[in-house]
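Overview (structure and organization)
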Amino acid sequence: MPTVVSEITYEGQLAEKLALLKQQGNYRYFLPIKKSAHNHPTFDHITEGGKKTIVNWTSNDYLGMSVDTEVIAAFTDAAQQEGVGSGGTRNISGTTTQHRTLEKTIAQLHQKQTALLFTSAYVANSTAISTLARAFPNTLILSDEENHASMIEGVKLSRCEKRIFRHNDMAHLEFLLANTDFDRPKIILFESVYSMSGSIAPIESICELAKKYNALTYIDEVHGVGMYGAHGEGVTGEQNCLDKVDVINGTLAKSFGCVGGYVAANETIVDYIRSFGEGFIFTSSLPPALCAAATKSIEKVVENDRLRQHFHQNVKILRGSLLAENIAFEENASHITRIIIGDSKKTKEVTDRLFHDFGIYLQPINYPTVPKGREGLRIVVTARHTSAQIEHLAKALKRVL
Ligand SMILES: Cc1ncc(COP(=O)(O)O)c(C=O)c1O
């Protein structure tokens, strides 16, 4: 018998798939940048040919807290005193006083009994959603069609039945709820500010439906905390729904300028996730210095409504400048400004030209982050962008588009 030698290698198959991804224009490129604590949101792009200063229009460090001097001082002071890593999982010497203080600060922000930290909001979503859904017999998950990948991961991990409702469509959500047994456990998953389209959820209506049909509510406030509500408590606070939503998820990595995620809820829900959530239990806890920095950042953001107003003013200035240059963007009530190009290769050409000819950094937003045909630019103006930078962006976009 002749030996059969397979022509197909493991590496060959991977390379083929990667080549296809590139051919489709969906390959992700990772740009190394040298971030600046002094000139944020500009950064240096260093190549063999030298250094180029670029304005960043993609950062979710919305309020510039990653470079706030007091936040940096809180971080370095705590690192000097407590070292870098926590050295343990939360249950095995990884719960420091800094973790406790931060959890209390987060609970206060959302007016919930308590909060629980995770290494990211992604892990918080996947762990909290899967753990909660598995806690009840035969849970049905109702999930908005635009929910983030981390929530979808939580749904998958739960192995529970799911129904997807059309984006922000209350009639569809009610139809699905009304056709489910009243006593069957149900969890409604949604976001406050949808990260790609920038649309905002009708939180009160969702909570009313949840009450009527006996469901739990779980909101992702990752793009809402810090920027919405009188104290940065998010859109849930702005819509007076803090006591109506059962679980609030948030991040420390965007408007608070650090890293890490959390859920805030009542004692029992949090205790359950803390006791059964694998993504919480079996991983090292956040560095104590990071917790100190995040606590300082939240305290400052809570007090600084002027910073929030300045941020939203910048969003208005950006949109005004785009209108003045006749550049079409999608209308929404949030801070995320999206220009649809509708083709991944063209989007990449646009961002390449902006980068090389104008010193502007925008990342193409492609499938699967957005559906095919919805590829384009997602512009994020921060509280630190100047009017001159905004004007320069609008004029450059006009030329390139
Ligand atoms: C809506 C939404 N939820 C969750 C996350 C995850 O947040 P983190 O970066 O803290 O993991 C993101 C990240 O971009 C997001 O956009």
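Right, let's walk through the structure included here. Position numbers for residues count from 1 along each chain, tracking the sequence in the order it is written. The predicted nature of this model means local features are confined to residues of pLDDT at least 70 and side-chain atom pairs, given and counted, to a pLDDT of 80 or more, with totals for whole chains, interfaces and linings taken over all residues. Based on all heavy atoms of the structure, the side-chain values leave hydrogens and waters out of the count.

1. Notes on the overall build of the protein chain
Basically, it comes down to this: Here a helix means four or more residues in a row that DSSP labels H or I, a strand means two or more in a row labelled E, and each is numbered from the N terminus. With the radius of gyration taken over C-alpha atoms, the globule rule is written as 2.2 Å times the number of residues to the power 0.38. Think of it in three bands: residues with accessible area under 20% of the maximum for their type are buried, residues over 50% are exposed, and the middle band is partly exposed, with areas taken using a 1.4 Å probe on protein chains only. Whether two residues touch is decided by their heavy atoms; if any such pair falls within 4.5 Å, the residues are in contact. Only the protein chains shown count as cover for residues, with accessible areas throughout obtained via the Shrake-Rupley method and a probe of 1.4 Å. Positive charges are assigned to Lys and Arg, negative charges to Asp and Glu, while His and the chain termini are left out of the count. Charge coordinates come from a single atom per side chain, which is NZ of Lys, CZ of Arg, CG of Asp or CD of Glu.
Assigned secondary structure in the protein chain consists of 14 helices and 14 strands. For the protein chain, the C-alpha radius of gyration of 22 Å lies close to 21 Å, the compact-globule estimate for 401 residues. For the protein chain, with 401 residues in total, the buried portion stands at 52%. Sequence-distant contacts, at least 24 apart, represent 72% of the contacts inside the protein chain between residues at least 6 apart. Per element, the accessible surface of the protein chain, about 19,400 Å² overall, is 53% carbon and sulfur. Within the protein chain, the 44 negative side-chain charges are centred at a point lying 3 Å from the centre of the 42 positive side-chain charges.

2. As for the site of the ligand
Here is the rule: Only heavy atoms are used to decide nearness, and a residue is near a molecule or strand if one of them lies within 4 Å of it. We define a polar contact as two N or O atoms separated by no more than 3.5 Å, with the added condition that, inside protein, one atom must be a possible hydrogen donor and the other a possible acceptor, whereas residues neighbouring each other in sequence contribute only through side-chain atom pairs. Classes in brief: Ala, Val, Leu, Ile, Met, Phe, Trp, Tyr, Cys and Pro nonpolar; Asp, Glu, Lys and Arg charged; the others, Gly included, polar.
As a matter of local geometry, the ligand sits amid 14 residues, with Ala121, Asp220, His223, Thr251 and Lys254 nearest to it. Here His223 contributes a side-chain N or O atom positioned 2.7 Å from an oxygen atom of the ligand. For the ligand, whose accessible area on its own is 390 Å², the fraction buried by protein is 83%. At three residues, the largest contribution of residues to the shell around the ligand is made by helix H4 (residues 121-135). Residues that form the shell around the ligand fall into these classes: three nonpolar, eight polar and three charged.

3. Side note on H4
Note the cut-off: The span one expects for a helix is its residue count, reduced by one, times 1.5 Å.
The end-to-end C-alpha distance of H4 is 21 Å, a good match for the 21 Å that 15 residues give at a rise of 1.5 Å each. Ala121, Ala124, Asn125, Ser126, Thr127, Ala128, Ile129, Ser130, Thr131, Leu132 and Ala133 are the residues of H4 that are buried. For H4, the N-terminal capping position is held by Ser120, with its side-chain oxygen 3.3 Å away from the main-chain nitrogen of Tyr122.

4. Thoughts on the sheet that holds strand E2 (residues 42-47)
Using the following cut-off: One requirement defines pairing of two strands: DSSP has to find at least two bridges between them.
Here we have four strands laid out as an open sheet, ordered E1-E2-E3-E12, and mixed in their pairing. Edge positions in the sheet fall to strand E1 (34-35) and strand E12 (360-361), since each of these pairs with one other strand and no more.

5. Brief notes about the environment of Glu331
Mapped onto the elements of the fold, Glu331 is located in the loop between helix H12 (305-324) and strand E11 (337-340). Overall, the relative accessible area of 64% leaves Glu331 in the exposed class. Once the C-alpha coordinates of Glu331 and Arg319 are considered, the two residues, twelve residues apart in sequence, prove to be 9.4 Å apart.

6. A word on the pattern of salt bridges
Where charged atoms from two side chains of opposite charge come close, those side chains can pair. Cut-off, in case you're wondering: By definition here, a salt bridge exists when the distance from a side-chain nitrogen of Lys or Arg to a carboxyl oxygen of Asp or Glu is within 4 Å.
Taken as a whole and assessed by the stated rule, the structure comprises 17 salt bridges. Measuring nitrogen to oxygen at the nearest pair gives 2.7 Å for the salt bridge that ties Lys212 to Glu174. Taken together, the positions of Lys212 in helix H7 (residues 203-212) and Glu174 in helix H6 (residues 170-178) put the pair 38 residues apart, joining distant regions of the chain. Since its relative accessible area comes to 24%, Glu174 is described here as partly exposed. Of the charged contacts, one joins Arg353 and Asp357 as a salt bridge, the two residues approaching to 3.2 Å between their closest N and O atoms.

7. Comments concerning the packing of H4 against helix H5 (residues 149-158)
As a reminder, the rule being used: Think of each axis as a best-fit line through the C-alpha atoms, taken over the contacting stretch in the case of a helix, with angles from 0 to 180 degrees between the N-to-C directions. For classification, angles of less than 35 degrees are called roughly parallel, those exceeding 145 degrees roughly antiparallel, those between 65 and 115 degrees roughly perpendicular, and all remaining angles oblique. Working rule for handedness: look at the near helix, and if it is turned counterclockwise from the far one by less than a right angle, call the crossing left-handed; if clockwise, right-handed.
Two numbers describe how H4 lies on H5: the axes approach to 7 Å, and their chain directions differ by 30 degrees. By the angle between their axes, H4 is roughly parallel relative to H5. The handedness of the crossing between H4 and H5 is right-handed. Between H4 and H5, the residues in contact are Tyr122, Asn125, Ser126, Ile129, Ser130, Ala133 and Arg134 and Ala149, Ser150, Met151, Glu153, Gly154, Val155, Leu157 and Ser158, respectively. In terms of residue class, the contact of H4 with H5 is built from seven nonpolar, six polar and two charged.

8. A word on the packing of H12 against helix H14 (residues 387-400)
At a minimum axis separation of 9 Å, H12 and H14 run at an interaxial angle of 30 degrees. The pairing of H12 with H14 is recorded here as roughly parallel in orientation. Judged by the sense of rotation from one axis to the other, the crossing of H12 with H14 is right-handed. Contacts between H12 and H14 involve Asn314, Ile317, Leu318, Ser321 and Leu322 from the first element and Ser387, Ile390, Leu393, Ala394 and Leu397 from the second. Within the contact of H12 with H14, the residues separate by chemical class into seven nonpolar, three polar and no charged.

Purely geometric stuff here, so don't read any function into it on its own.
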